[in-house]
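As a plain string of letters, each chain reads:
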Amino acid sequence: MARSGYRLSKNDKLAAIIIFVIAITLIVAMLPKQRQFKYELQKGKAWQYNDLYAPFDFAVLKTDAEIKAENDDNMRHVKPYFTVQPNICPEQKIRFEQEFGQRFGAAADFARVKYQTDLTNIDSIRQAVHTFGVDELNYLYAKGITGFSDVLEDNDGNISAVLVDEKVMHNVPLSEILTIRQAQKHIADQIIIRFASNQTALTIANNINLTDFIKANINYDKTLTTKARLERSHRLSATHGMVQSGQLIIARNELMNDQNLRVLESLRKEYQNYGVAASTITWTLIGQIMLIVLLLGIIFMFLFINRTDLLQMRHLAFIVGMMIMMIGMMCVSVRIHEYEQRRTS
């Protein structure tokens, strides 16, 4: 029976306004603010929905594993930078000249004792060993010697390195740069090749200890190499291309495979990224507030015209509480369903 003639007290009117505001706040807070991706994804399973067309343009994203693999491969092909130390070669050559006489004399005395000979051809041996030493030092320092062996081992030997010589850069095959150990081994091998026919000269050349004059004359430039790696990594694409709006993504009953799953996952992420954008959330919130105000306004207007007595605080609180509870249960059910979709996909 209608009781439109009931007169509301000031407390009832104030309570109605407060309940109206609280109801709007709670309902809007419970409603989802993001666009929802409503499809279940499972590799090897048939697509149970209608044909899916791209609702907008979006990029097909690469997986984290693909990006990491490409980045690792990219890093292996970045040219390492080395800075030439131009003073090392002349310093070691001068040191060789200064110490050669003393070293040769000690080596010759050792050879005399070992072979019990007077070394009548000592001058020719001296000249041959001296020339050999100078030539080898020139050759090795021209190629470049570095103490950073890890850099050479971690990179593809087919790529080039960049040598920075007094701010002038030039490329050299990475395989031509020697480590200190490689340079020392080269000298030992060349001594055997050069003096194999003369045991006395071989003994003297070995005891000169030419490897003492091998020092690193190029240093690995980590700063320039890191900069080059960053520039190269920035050029890597994180996508496989674009899907145009209206393009068919997957047809009904089509099996989900790696290719279309990649597209579907990209679409899902696009929904998520679009949904969390600040401007999107703001406009969604405004729209929800307007809709809830309109709907509750209609209900309150109906009660005010036809059942004024139900606007009393105890009746109104019960009615609005039931509305909020039902909407809350619906929102919880939707969120549980979404969680199950994410967990099984």
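Values in this document were obtained by computation on a predicted structure and should not be read as measured data.

## A word on the overall build of the chain
- Along the backbone of the chain there are 11 helices and 10 strands.
- Residue burial in the chain is summarised as follows: out of 345 residues, 34% are buried.
- Considering only residue pairs separated by 6 or more positions, the chain has 83% of its internal contacts joining residues 24 or more positions apart.
- Counting every atom, the chain has about 21,100 Å² of accessible surface; 57% of that belongs to carbon and sulfur.

## Describing the packing of helix α3 (residues 88-115) against helix α7 (residues 199-207)
- Running from N to C, α3 and α7 point in directions that differ by 140 degrees, and their axes come no closer than 8 Å. Overall, the two elements α3 and α7 adopt an arrangement that is oblique. In terms of crossing hand, the pair formed by α3 and α7 is right-handed. Contact residues: α3 offers Phe104, Ala107, Ala108, Phe110, Ala111, Lys114 and Tyr115, while α7 offers Gln199, Thr200, Thr203, Ile204 and Asn207.
- Looking at the contact of α3 with α7 residue by residue, the classes come out as seven nonpolar, four polar and one charged.

## Notes on the sheet that holds strand β3 (residues 81-84)
- Taken together, the four strands give an open sheet; going across it, the order is β6-β5-β3-β8, and neighbouring strands pair in mixed fashion. Two strands in the sheet have a free side with no partner beyond their single neighbour: β6 (168-173) and β8 (218-220). Going from strand to strand, the sheet's axes swing by 30 degrees on average, the running direction of each strand aside.
- As judged from the three bridges shared by β3 and strand β5 (residues 160-165), these two strands associate in the parallel manner. When the bridges of β5 are listed, Thr83 appears paired with Val164.

## Here we look at helix α8 (residues 222-234)
- Along its 13 residues, α8 runs 18 Å from first to last C-alpha, staying within 8% of the 18 Å computed at 1.5 Å per residue.
- By the N-cap criterion, in which a side-chain oxygen at the helix start approaches the backbone nitrogen of a residue two or three places on, α8 is capped by Asp221, the distance to Thr223 being 3.2 Å.

## Some remarks on a nonpolar patch on the surface
- The grouping of Phe318, Met322, Met325, Met326 and Met329 at the surface amounts to a nonpolar patch, some 550 Å² of accessible area in total.
- Along the chain, Met329 turns up in helix α11 (residues 313-344).
- Overall, Met329 belongs to the exposed group, its relative accessible area being 56%.

## Let's talk about the pattern of salt bridges
- With the rule as written, the count across this model stands at five salt bridges.
- A salt bridge links Glu99 to Arg103, with the shortest nitrogen-to-oxygen separation between them at 3.0 Å. Remark: Arg103 and Glu99 occur in helix α3; sequence separation between them is four residues, near one turn of the helix.
- Of the residues examined, Glu99 reaches a relative accessible area of 25% and is grouped as partly exposed.
- Across the pair Asp109 and Arg112 runs a salt bridge, and its minimum N-O distance is 2.8 Å. Of this pair, Asp109 and Arg112 both sit in helix α3, three residues apart, roughly one helical turn.

What counts, and at which threshold
- Residues numbered from 1 in each chain as written.
- Predicted model: local features only at pLDDT ≥ 70, side-chain atom pairs only at ≥ 80, totals over all residues.
- Heavy atoms only, no water.
- Helix = DSSP H or I, 4+ residues; strand = E, 2+ residues; numbered from the N terminus.
- Buried < 20%, exposed > 50% of the residue type's maximum accessible area, 1.4 Å probe, protein only.
- Contact = heavy atoms within 4.5 Å.
- Areas by Shrake-Rupley, 256 points an atom, 1.4 Å probe, with all protein chains shown as cover.
- Axes fitted to C-alpha atoms, helices over the stretch in contact; angles between N-to-C directions.
- Parallel < 35°, antiparallel > 145°, perpendicular 65-115°, else oblique.
- Left-handed = near helix turned anticlockwise from the far one by under 90°.
- Nonpolar A, V, L, I, M, F, W, Y, C, P; charged D, E, K, R; others polar.
- Pairing = 2+ DSSP bridges.
- Expected span 1.5 Å × (residues − 1).
- Polar contact = N/O pair within 3.5 Å; in protein donor to acceptor, adjacent residues only side chain to side chain.
- Patch = residues over 30% accessible without salt bridge, like charges linked within 9 Å, V, L, I, M, F, W, Y side chains within 5 Å.
- Salt bridge = Lys/Arg side-chain N within 4 Å of Asp/Glu carboxyl O.

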